[in-house]
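So you can see what is in the structure, the chains are spelled out below.
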Amino acid sequence: MAPAKSSKSSGKALYSVILPTFNERQNLPIITWLLNRTFTEQNLDWELVIVDDGSPDGTQDVAKQLVKVYAPHVQLQPRTGKLGLGTAYVHGLKFARGNYIIIMDADFSHHPKFIPQMIEKQRQGNYDIVTGTRYAGDGGVYGWDLKRKLTSKGANIFADTVLRPGVSDLTGSFRLYKRAVLEKLFESTDARGFTMQMALAVTAKAKGLSIGEVPISFVDRVYGDSKLGGEEIVEYAKGVLQLWWTT
Ligand SMILES: Nc1nc2c(ncn2[C@@H]2O[C@H](COP(=O)(O)OP(=O)(O)O[C@H]3O[C@H](CO)[C@@H](O)[C@H](O)[C@@H]3O)[C@@H](O)[C@H]2O)c(=O)[nH]1
């Protein structure tokens, strides 16, 4: 499929969900079903752009079935190798047609039930970005061991102390963006690894863009494995310091 033109010109809100997947065969049908139900109940126009990186578990075979079942709402935009989460978003955006872009994980750590609240928040404040937050209001993290909790909290405290962006959850990636905002942010930052979420939020704040927050319960995945490792943590720390130097 050729890269898409956005729905900007029609004036009607279209929500594109970009869903990067790597080995999400078990999660993908359920998350797609839930997305369909959520948007249908809300009477909102939506589409799902699945960006799979050649998952060895057959995620793409499942995705192809979903493209048929949920036509015309679902598209698969595969890549041949595991090229990382950040570049998966950039790839997905080329094909997304929505004037609003929602980015989330496929493993239910980001539950579609929060999407209506994020949309409502965006509408109320005309926010450029609405981010799900685990670290404000009723937000929380469930199912992580102490090490992962400390890593996440520590990463947020570190970035907040160094950069002072005033965003409670800098590393979370469950977000709604105005399309033009996300396009500009992708142009403005080179960060494409796990540091990307933090870099996008910090860059947005530095540009004077508005960020609304919606508390979310982040529940650790049941099927499959997290891809976060020591390398990503080092990359993150370097990313914070680089932003401190440049913003
Ligand atoms: N296409 C593609 N998808 C990927 C890749 N790596 C991971 N994904 C997909 O990206 C989503 C998140 O991957 P996880 O591996 O489950 O991430 P995590 O370690 O749980 O990290 C999550 O929490 C972090 C903050 O605590 C976030 O920074 C991160 O973005 C993500 O939401 C899942 O849908 C997964 O299949 C990749 O290389 N390519």
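In this report, we go over the structure that sits alongside the text. (Residues numbered from 1 in each chain as written. Predicted model: local features only at pLDDT ≥ 70, side-chain atom pairs only at ≥ 80, totals over all residues. Heavy atoms only, no water.)

**Things to note about unusual backbone geometry**
Among all residues except glycine, the phi angle is most often negative; among peptide bonds, the trans geometry is most common.
Okay, step 1: That bond from Ala-71 to Pro-72 is cis: its omega, 5°, falls within 30 degrees of zero.
Okay, step 2: Located in the positive-phi region is Asn-23, a residue other than glycine, with phi close to 60°.
Okay, step 3: In this structure, Asn-23 sits in the loop between β1 (14-21) and α1 (28-41).
Okay, step 4: One non-glycine residue with positive phi stands out, namely Asn-43, at about 55°.
Okay, step 5: On the secondary structure map, Asn-43 appears in the loop between α1 and β2 (45-52). (Helix = DSSP H or I, 4+ residues; strand = E, 2+ residues; numbered from the N terminus.)

**Observations regarding the packing of helix α5 (residues 146-163) against helix α8 (residues 230-246)**
Okay, step 1: The contact between α5 and α8 brings their axes to 9 Å, and the two run at 15°. Put simply, α5 runs roughly parallel to α8. Like other packed secondary-structure pairs, α5 and α8 cross with a definite hand, here right-handed. Residues Thr-151, Ala-155, Asn-156, Phe-158, Ala-159, Val-162 and Leu-163 of α5 lie in contact with α8, whose contacting residues are Ile-233, Tyr-236, Ala-237, Val-240, Leu-241, Leu-243 and Trp-244. (Axes fitted to C-alpha atoms, helices over the stretch in contact; angles between N-to-C directions. Parallel < 35°, antiparallel > 145°, perpendicular 65-115°, else oblique. Left-handed = near helix turned anticlockwise from the far one by under 90°. Contact = heavy atoms within 4.5 Å.)

**Considerations on the environment of Glu-235**
Okay, step 1: Tracing the sequence through the fold places Glu-235 in helix α8.
Okay, step 2: Among the residues examined, Glu-235 registers a relative accessible area of 31% and is labelled partly exposed.
Okay, step 3: When the C-alpha atoms of Glu-235 and Ala-191 are compared, they prove to be 9.7 Å apart, with 44 residues separating the residues in sequence.
Okay, step 4: In this structure, Glu-235 is in contact with Gly-193, Phe-194 and Thr-195, ignoring residues within four places of it in sequence. (Buried < 20%, exposed > 50% of the residue type's maximum accessible area, 1.4 Å probe, protein only.)

**Focus on the pairing of strand β7 (residues 175-178)**
Looking along a regular strand, one sees side chains alternate from face to face of the sheet.
Okay, step 1: Examined bridge by bridge, strand β4 (residues 100-103) and β7 share 4 bridges and lie antiparallel to one another. Looking across to β7, one finds that Ile-103 is bridged to Arg-175. (Pairing = 2+ DSSP bridges.)

**Observations concerning the sheet that holds β2**
Okay, step 1: Spatially, 7 strands are ordered β3-β2-β1-β4-β7-β5-β8 in an open sheet, and the strand pairing comes out mixed. Each having just a single partner strand, β3 (74-76) and β8 (211-215) make up the two edges of the open sheet. Across the sheet, the mean angle separating the axes of adjacent strands is 20° when strand polarity is ignored.
Okay, step 2: As judged from the 3 bridges shared by strand β5 (residues 129-133) and β7, these two strands associate in the antiparallel manner. Residue pairing in the sheet places Val-130 in a bridge with Leu-176 of β7.
Okay, step 3: Against the sheet, helix α2 (residues 59-69) makes contact with β1, β2 and β3, and its axis sits at roughly 145° relative to β3, the strand it touches most.
Okay, step 4: On the sheet, helix α4 (residues 115-125) packs against β1, β4, β5, β7 and β8 and is oriented at approximately 150° with respect to β8.

**Examining the packing of aromatic side chains**
Okay, step 1: Evaluated as defined, the whole model comprises 5 aromatic pairs.
Okay, step 2: On the basis of an interplanar angle of 20° and a centroid distance of 5.2 Å, the ring pair of Tyr-15 and Tyr-100 is categorised as stacked. You can see Tyr-15 sitting in strand β1 and its partner Tyr-100 sitting in strand β4, a full 85 residues away along the chain.
Okay, step 3: Accessibility expressed as a relative area gives 1% for Tyr-15, which makes it buried. (Phe/Tyr/Trp six-rings, centres within 6.5 Å; stacked < 30°, edge-to-face > 60°.)

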